[in-house]
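Below, each chain spelled out in residue letters.
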Amino acid sequence: MSDEAAPRIALGSWAFAFGPFAADPWNFDRLCGYAAEVGYDGVEINGFRPHPHDEDFTPADCARLRDRLAELGLGVSAYAPDLHSTPPADVPAADYLARIESVLTFCGRMGISTLRVDSISPPGPVDRSRLEHLAGTWRQAAGRCADAGVRMVWEFEPGFWLNRPSHVQELIHTVAHQNFTVLFDTSHAYAGAVAGARHGDAPELLAGGVAEYARLLAPYVGHLHLIDGDGSLHDEETSAHLPFGTGKLDFDGIIAALGRAALDLDWWTVDFCFCPTTERDAATAVPFVRTLADRARSGATR
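Residues numbered from 1 in each chain as written. Predicted model: local features only at pLDDT ≥ 70, side-chain atom pairs only at ≥ 80, totals over all residues. Heavy atoms only, no water.

Asker: What's the story with the packing of helix α4 (residues 128–147) against helix α5 (residues 165–175) in this structure? I'm lost.
Answerer: Axis angle and axis distance: for two packed helices, these are the angle between their axes and the distance between the axes, and together they describe the pair. Following both chains from N to C, one finds α4 and α5 inclined at 55 degrees, their axes separated by 9 Å at the closest point. Classified by the angle their axes make, α4 and α5 are oblique. Crossing geometry of α4 relative to α5 is assigned as right-handed. Residues Arg128, Leu131, Glu132, Leu134, Ala135, Trp138 and Arg139 of α4 form the contact with α5, whose participating residues are Glu170, Leu171, Thr174 and Val175. When the residues that make up the contact of α4 with α5 are grouped by side-chain class, the tally is 6 nonpolar, 1 polar and 4 charged. (Axes fitted to C-alpha atoms, helices over the stretch in contact; angles between N-to-C directions. Helix = DSSP H or I, 4+ residues; strand = E, 2+ residues; numbered from the N terminus. Parallel < 35°, antiparallel > 145°, perpendicular 65-115°, else oblique. Left-handed = near helix turned anticlockwise from the far one by under 90°. Contact = heavy atoms within 4.5 Å. Nonpolar A, V, L, I, M, F, W, Y, C, P; charged D, E, K, R; others polar.)

Written out as structure tokens, the structure is:
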């Protein structure tokens, strides 16, 4: 096995706030206590209330949260803020950038170095002027993130605009900023490359499935979400996230296809969003992902 450090493993906090947990979400401290107890190295912060929202947290609040995470021995892999009031393809760039500035202030106070965004708008036709507006807004945002020492990562998924493989690649090349990268979510990738979920007429499928998608996007990958999937959707919106071993993903093949793009990441985040059995299955996910990382690192040194 290589002597290089293995990626640390984080748990996305939205898993205990959305879907089956929405009526009675876990508070963030309870989530962090659970993550530490079952062996995670950190958490990925869902910025939707009641979890930490950037506009709610004063410097003193951030200091208390940093202290609590340190007490639990947890780091923060990334921040996924609530930007729904400013869909970047449809609002003036200045409005979106104002929200980004608030988010970056929170990231700075918390020592967070990765910011997750999405297109927010629902799937639909691709209008060139709208795509250019989105790309221009995100190019400016990526620059501001770079100035703050924060990597900006876009999570593409079936439930949001630009969900076909060719559209994902087109947007990356149109934004054309070195600090704008993609978040590769394994379940979303399966839904997009194999199931053609929410592609509309004539779904765009990749013959090589998720592994081909991984190879195509590897040069642009800045963050990774791991979870199983089978192409089904949660509430007919976005890809269902299933416990490891219950879906159709070949994780060894996916990590091999991503190659150094996966192995060089500081964090791998486990994403149980919308999964009703998260409390049970997120615990057994820790040894699964650690073993996956060990196999990948061993194979990379052969």
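Still more ground to cover, so stick around.
Asker: How should unusual backbone geometry be read in this particular structure?
Answerer: Trans peptide bonds make up the majority, and among non-glycine residues the majority have a negative phi. With an omega of 15 degrees, the peptide bond running from Arg49 to Pro50 counts as cis. With respect to the helices, strands and loops of the structure, Pro50 is situated in the loop between β2 (42–47) and α2 (59–72). In this model, Arg198 sits at a positive phi of 60 degrees, which is unusual for a non-glycine residue. With respect to the helices, strands and loops of the structure, Arg198 is situated in the loop between α6 (186–195) and α7 (209–217). You will see that Ala202, though not glycine, has its phi angle at about 50 degrees, which is positive. With respect to the element layout, Ala202 can be found in the loop between α6 and α7.

Asker: Teacher, can you tell me more about the pairing of strand β5 (residues 151–155) here?
Answerer: A regular strand carries its side chains on alternate faces of the sheet. Within β5, 4 of the 5 residues are buried, which leaves the element mostly enclosed by the surrounding structure. The parallel pair strand β4 (residues 114–117) and β5, bridged by α4, forms a crossover whose chirality is right-handed. With 4 bridges joining them, β5 and strand β6 (residues 180–185) adopt parallel strand pairing. By the bridge assignment, Met152 is partnered in β6 with Phe180. (Buried < 20%, exposed > 50% of the residue type's maximum accessible area, 1.4 Å probe, protein only. Right-handed = clockwise from strand over helix to strand, strands pointing away. Pairing = 2+ DSSP bridges.)

Asker: Looking at this structure, how should I read the state of the cysteines?
Answerer: Here a disulfide denotes a covalent bond joining the sulfur atom of one cysteine to the sulfur atom of another. In total, this model carries 0 disulfides according to the counting rule given. As a non-bridged cysteine, Cys32 has Cys62 as the owner of its nearest cysteine sulfur, 13 Å distant. Assessed through its relative accessible area of 2%, Cys32 is described here as buried. Between Cys275, a cysteine without a disulfide, and Cys273, which holds the nearest cysteine sulfur, the sulfur-to-sulfur distance is 9.8 Å. Accessibility expressed as a relative area gives 2% for Cys275, which makes it buried. (Disulfide = S-S within 2.5 Å.)

Asker: Can you walk me through the pattern of salt bridges in this structure?
Answerer: Should their charged atoms come close, side chains of opposite charge can pair. Tallied over the entire structure, the rule returns 19 salt bridges. Asp90 is the partner of Arg130 in a salt bridge, and the nearest nitrogen-oxygen pair spans 2.8 Å. Of the two residues, Arg130 is situated in helix α4 and Asp90 in the loop between β3 (75–81) and α3 (93–110); the sequence distance between them amounts to 40 residues. For Asp252, the salt bridge is made with Arg295, and the minimal N-O distance between the two is 2.8 Å. One end of the pair, Asp252, is in helix α8 (residues 251–258); the other, Arg295, is in helix α10 (residues 278–300), and 43 residues separate them in sequence. Connected through shared salt-bridge partners, Arg116, Asp118, Glu155 and Glu157 make up one network. (Salt bridge = Lys/Arg side-chain N within 4 Å of Asp/Glu carboxyl O.)

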